[in-house]
Amino acid sequence: MASGSLQYDAAVGGPVKLPDDIDSLKFNEERVTELKSLLRSVASTENQTMLMHQALPLHMRRRAMSYNPKRLPRKFRGIHLAQYSKSGIPERRKRPSRKYRRKARNLLKEYERRKRSNVWLETHIWHAKRFHMTAKWGYKIPYTATNKGYRACYRATAKHCLLQDISYYGCIEIQGDEDTLKLNLKRFCSEKVGLTIAAKAFLGGKRSGNVWIFEKDKYPNQCIGKVRFLWKSEPSTDGRKTLWLFAHPVFYSKLVEELILMFDLKNAYRNDEPMKVEITPDLAKITKNHGTVRTPKYSNQSTAISVTELKDTMNYFRLTGPLSHAVLSKALKPYSQLDSKELNNWFSNWIEIADNQKTLNEQSSFWEQTKNLTSPGELSSGLVVGLLVEDPRLNRPKKRTKALPTTVASCRASLDTGIRLTYSPIWSESIRNRITEEMLSTHELNLLRTKESLVPGERCSSEKSIQPIPILLMQNSGSQDSEFKQLGYGAGWDLIAPSGYGLAIWQTLILWGAKPAGLKEFDMQALESGIDTTRVPDTILGQSEATLEYEQCWNKYFAKPNNRRINYKKLAIASPFRCLWDQLVSEWVRVADCNFYVLRDQEVLSKIQLALNRMFNLKSAQVPQSSLIPVYLSMKTRGNPGDNALICLPHRLDFRKNKQHKQGNDSSPVYTEPLCKDLQQRERHQLRRQHLQELKKLRSRRIRKKKALQRMTPGTLIRIAKPQNVKLIRDQLTKMRELWLPAKPESIRKQCSRECFGYITQCQFSLSEAKVVALGYVTAKGLEKLFKTCSKGTFKVLVRGTKSRCYRFATIKVRTD
């Protein structure tokens, strides 16, 4: 019941008396017109400020409503589509389903698109499912396996078989007169380093070798890198000799340019005028080819010398370990179908040539005799074997099997001149191309087996007509010095196969027990074997890798706030992220601009090692003063200094303290660097304060300017230009970074209390030595001073990490890489 008292309504005024009841039917009829007008205004889009999906209650809104009408209630979808079409935005199509994207034809298109930025190896798909991939040197290369396999990879190199795909190494083919090639190629290397490309041991093609390549007549300076080479055992039809060089992709193009300059070549696929000898040729113009040219060729018509780039046209696998020979003997079965009348492939024409039948018989006999060798190290160093094998897909076990030699063999491979072990059809470009074109795909092979094979796993009749594959095997001898490393460690085979069969051979080797590895395992092998190939300071590869690593560490360091950075000035570390070799050598030689190089003279290195064994006088070795000597360090106690660690000269007091630690069984550091004062700390704080004040002044100036313009034109929105302080901030950043870590420190030799005379390039725990070992380089003058300091006992140096103040002793040996 409503109150009977009088009420006052402010809008109407006066007394109002409410009724006691309401007629619902009459009330609803009066409200119908109001509801209709409300619905019309909601449906109208003329004066509406919000879209349909924005006008919904909060509990009904979804983030995807703006582009997906199905997220809206059904009765509002029409209005939403009308608003969406008027905005001019095209309708968003639904992403194709995964089933559609995973179809074979769509996958191939996607693969071709992704290959444009980086070249894929033939085993890329296999690796991408099991390895971390990294983009390096224009390739997508497997870095390391996703599972924990560091110790397993070491065991494979020591007792089993480790497999790596190094097909990114480029092959360069050189053809010409033997005497001309020998005379000119000698200028790229030196006999002081070891056997050259023109040595008699390699000219017959029975052995392959490794050699350090320098720029023409620049030895010992301007080192390009280390390459593997192989001569063809038989001359071509026109009497010319053929040489293959396998080079790392970092200096591959540099090596091609040096060969062009050496032999005065021009592009064989361009009709340019011949170059004059006295004018330096335009290398960019010579090496420029059309995109369809897969194997660029450069030739000289007067000397009949040609250079052909065979990069990305062959597969290159490396097998390391004692069981690598057993894996190959199980996976590679010599081809025995010698009835060529029923065949319709390249073999039917090739076998008709004289002596080819005899060659196959000799190679098959050699492979049968050596199949039970316990290690490739039992064969002659650098032995080359050419084989004609069956398709590896026909010789696979049903499940992964560990290949082992059946009996212990006591034979030794003969290298008589009558045995044509090295001859192989893979040297012919036409045969290689035909093999790739006529290769039977795995799908086609499975269809043949489905139709003709009555018993699963048994050979079918059509498999006899599948073309054979020519391959080349090059033996790696491994360690040859038992006092330095275990004899034969690192021995194995390098396998070269035609393009197209990379994945087939790879999977077969895996099923026969080979352990797959990536790029990271090369560092492990270098440390365990004591042979550095990627971080040599005077090579193109070593300098590029050092620069890349320096940039990554530099950016990571300055991405941290000031209170989270290690203050290397207090630790007395001048260059924590790179080794400043040029400045270090210059300070020891006391010459402003000193061109350093790594000492590779085998005779001088052996004399230095004899001097370290106190069997020779170091002064009589006549070590070049501007050279870096490669050394191998072994930590005497605990501690892992890490990469870029300092190699320092010890004091007399350090030896006394080390003797006291030995007597007391103490593993503490021999010496601890005292904390230094950071002289630039106050300057950095002052500079930062001034910079912030300057930015604050500029901001206040912009605000005052905006307010003044606003007062002049009231009622309008004022916008002013963005602050032009980009250069100011960039200069401030450069100054601050220079105060934190100067690009060129004042001193490298005397940066701390112990004189620095070398750097460690790689340091890690060695599983073969059961202690921390390191690869590094020291200066010649510093080594002479070490001989004066260490008057008796073994020679020891002090090693200190970049993040520590502790010095520890390490023994030193000379490496002959």
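These remarks concern the structure in this document. (Residues numbered from 1 in each chain as written. Predicted model: local features only at pLDDT ≥ 70, side-chain atom pairs only at ≥ 80, totals over all residues. Heavy atoms only, no water.)

**As for the overall build of the protein**
- Scanning the protein for helices and strands turns up 26 helices and 26 strands.
- Here the C-alpha atoms of the protein give a radius of gyration of 37 Å, more than 25% beyond the 28 Å that 2.2 N^0.38 yields for 817 residues.
- Reported as C-alpha extents along the three principal axes, the dimensions of the protein are approximately 130 × 80 × 70 Å.
- By the burial criterion, 44% of the 817 residues in the protein qualify as buried.
- Here the protein displays about 45,600 Å² of accessible surface, and carbon together with sulfur accounts for 51% of that area.
- Of the charged side chains in the protein, 140 are positive and 78 negative, and the gap between their average positions amounts to 9 Å. (Helix = DSSP H or I, 4+ residues; strand = E, 2+ residues; numbered from the N terminus. Rg over C-alpha atoms; globule rule 2.2 N^0.38 Å. Buried < 20%, exposed > 50% of the residue type's maximum accessible area, 1.4 Å probe, protein only. Areas by Shrake-Rupley, 256 points an atom, 1.4 Å probe, with all protein chains shown as cover. Lys, Arg positive; Asp, Glu negative; His and termini not counted. Charge placed at Lys NZ, Arg CZ, Asp CG, Glu CD.)

**Re the pattern of salt bridges**
- Counted according to the given criterion, the structure contains 25 salt bridges.
- Between Arg749 and Glu755 there is a salt bridge, and its shortest N-O distance comes to 2.8 Å.
- For Arg749, a relative accessible area of 12% puts it in the buried group.
- A relative accessible area of 16% places Glu755 in the buried class. (Salt bridge = Lys/Arg side-chain N within 4 Å of Asp/Glu carboxyl O.)

**Let's talk about the layout of surface pockets**
- Estimated volume of the second largest pocket: approximately 1,100 Å³.
- Around the second largest pocket, the lining is made up of 35 residues, and of these Leu108, Glu122, Ile125, Gly500 and Leu503 lie nearest the centre.
- Of all the elements in the fold, those that place two or more residues in the lining of the second largest pocket are α4 (104-114), β3 (119-120), α5 (124-128), β14 (314-320), α15 (442-452) and α16 (502-511).
- Here the lining of the second largest pocket takes five residues from α4, the largest share from any one element.
- Class assignment for the residues of the lining of the second largest pocket results in 15 nonpolar, ten polar and ten charged. (1 Å grid on protein atoms, 1.4 Å probe; cavity = no way out; pocket = protein on both sides within 12 Å on 5 of 7 lines; lining within 4 Å. Points joined across faces, edges and corners; volume = space filled by probe spheres on them. Nonpolar A, V, L, I, M, F, W, Y, C, P; charged D, E, K, R; others polar.)

**Some thoughts on the pairing of β14**
- Within β14, seven of the seven residues are buried, leaving the element largely enclosed by the surrounding structure.
- Residues Met314, Tyr316, Arg318 and Thr320 of β14 are buried on one face, and the alternating residues Asn315, Phe317 and Leu319, pointing to the opposite face, are buried as well.

**A few points about the sheet that holds strand β16 (residues 469-476)**
- As summarised here, the arrangement of the six strands in space is β15-β16-β17-β14-β6-β18, forming an open sheet in which the pairing is mixed. Edge strands, defined here as strands with exactly one partner in the open sheet, are β15 (384-389) and β18 (515-516).
- In terms of strand pairing, β15 meets β16 through six bridges, oriented antiparallel. Paired with Gly386 across the strands is Leu472, a residue of β16.
- On top of the sheet, helix α11 (residues 324-331) reaches β14, β16 and β17 (492-498); it is set at about 30° to β17, its chief contact. (Pairing = 2+ DSSP bridges. Contact = heavy atoms within 4.5 Å. Axes fitted to C-alpha atoms, helices over the stretch in contact; angles between N-to-C directions.)

**Some thoughts on the side chain of Asn106**
- As for its placement among the helices and strands, Asn106 is situated in helix α4.
- The class for Asn106 is buried, based on a relative accessible area of 14%.
- When sequence neighbours within four positions are dropped, the list of residues in contact with Asn106 reads Tyr100 and Arg101.

**As for the sheet that holds strand β9 (residues 223-231)**
- Strand order across the open sheet formed by seven strands is β8-β9-β10-β7-β13-β12-β11, with antiparallel pairing between neighbours. Here the strands that pair on one side only, and so sit at the sheet edges, are β8 (209-214) and β11 (266-267).
- Looking at chain direction, β9 and strand β10 (residues 241-247) are connected through four bridges and run antiparallel. In the sheet register, Leu230 faces β10, and the bridge partner there is Trp244.

**Digging into the nonpolar core**
- Counting 74 residues, the largest nonpolar core has Ile608, Val623, Ile629, Leu633 and Val797 as the members making the most contacts within it.
- The contact partners of Ile608, leaving out residues within four places of it in the chain, are Leu599, Leu618, Val623, Ile629, Leu783 and Val814.
- Grouped together as the second largest cluster of nonpolar side chains are 46 residues, Ala145, Phe347, Ile351 and Ile505 included. (Core = buried A, V, L, I, M, F, W, Y, C linked by side-chain atoms within 4.5 Å.)

**Details of the environment of Asp179**
- Considering the arrangement of structural elements, one finds Asp179 in helix α7 (residues 178-185).
- By relative accessible area, Asp179 is classed as exposed at 53%.
- In this structure the C-alpha to C-alpha distance between Asp179 and Asn106, which are 73 residues apart in sequence, comes to 54 Å.

**Considerations on a positive patch on the surface**
- A cluster of basic residues, Arg95, Arg98, Arg101, Arg102, Arg114, Lys129 and Arg130, forms a positive patch at the surface.
- Looking at the secondary structure, you find Arg114 in helix α4. (Patch = residues over 30% accessible without salt bridge, like charges linked within 9 Å, V, L, I, M, F, W, Y side chains within 5 Å.)

**Let's talk about the pairing of strand β25 (residues 796-800)**
- Judged by how many residues are buried, β25 sits mostly within the fold: five of five residues are covered.
- Side chains of β25 alternate between two faces, with Lys796, Leu798 and Arg800 and Val797 and Val799 buried alike.
- One ladder, built from four bridges, connects β25 with strand β26 (residues 806-814); its direction is antiparallel. Note that in β26 the partner of Val799 across the bridge is Arg808.
- As consecutive antiparallel partners, β25 and β26 are separated by five residues.

**Here we look at the packing of aromatic side chains**
- Under the definition given, this model contains 32 aromatic pairs.
- Centre to centre, the rings of Trp126 and Phe131 are 6.4 Å apart; their planes meet at 40°, and the pair counts as tilted. With respect to class, Trp126 is no different from Phe131; both count as buried.
- A centroid spacing of 5.1 Å and a plane angle of 85° characterise the contact between Phe214 and Tyr219, whose relative ring orientation is edge-to-face.
- Judged by relative accessible area, which is 1%, Phe214 ranks as buried.
- Residue class for Tyr219 comes out partly exposed when judged on its relative accessible area of 27%.
- By the ring-pair criterion, three or more aromatic residues cluster together here, those being Trp137, Tyr139, Tyr168, Tyr169, Trp244, Phe246, Tyr316 and Trp427. (Phe/Tyr/Trp six-rings, centres within 6.5 Å; stacked < 30°, edge-to-face > 60°.)

**Focus on helix α9 (residues 252-263)**
- Under the 1.5 Å per step criterion, the end-to-end length of α9 is 17 Å for twelve residues, consistent within 8% with the ideal 16 Å.
- Every buried residue of α9 is listed here: Tyr252, Leu255, Val256, Glu258, Leu259, Ile260, Met262 and Phe263.
- Once α9 ends, the next one or two residues include Asp264, with phi positive near 55°. (Expected span 1.5 Å × (residues − 1).)

**Some remarks on the side chain of Arg815**
- Its place among the elements puts Arg815 in the segment after β26.
- Here the side chain of Arg815 touches Gly776 through a polar contact of 3.2 Å, landing on its backbone oxygen. (Polar contact = N/O pair within 3.5 Å; in protein donor to acceptor, adjacent residues only side chain to side chain.)

**Topic: unusual backbone geometry**
- The residue after Tyr219, namely Pro220, is reached through a cis peptide bond having omega 5°.
- Topologically, Pro220 is positioned in the loop between β8 and β9.
- Located in the positive-phi region is Asp264, a residue other than glycine, with phi close to 55°.
- Tracing the backbone through its elements, the reader meets Asp264 in the loop between α9 and β11.
- Exposure remark for Asp264: the relative accessible area of 27% places this residue in the partly exposed category.
- For Arg614, which is not a glycine, the phi torsion comes out positive at approximately 60°.

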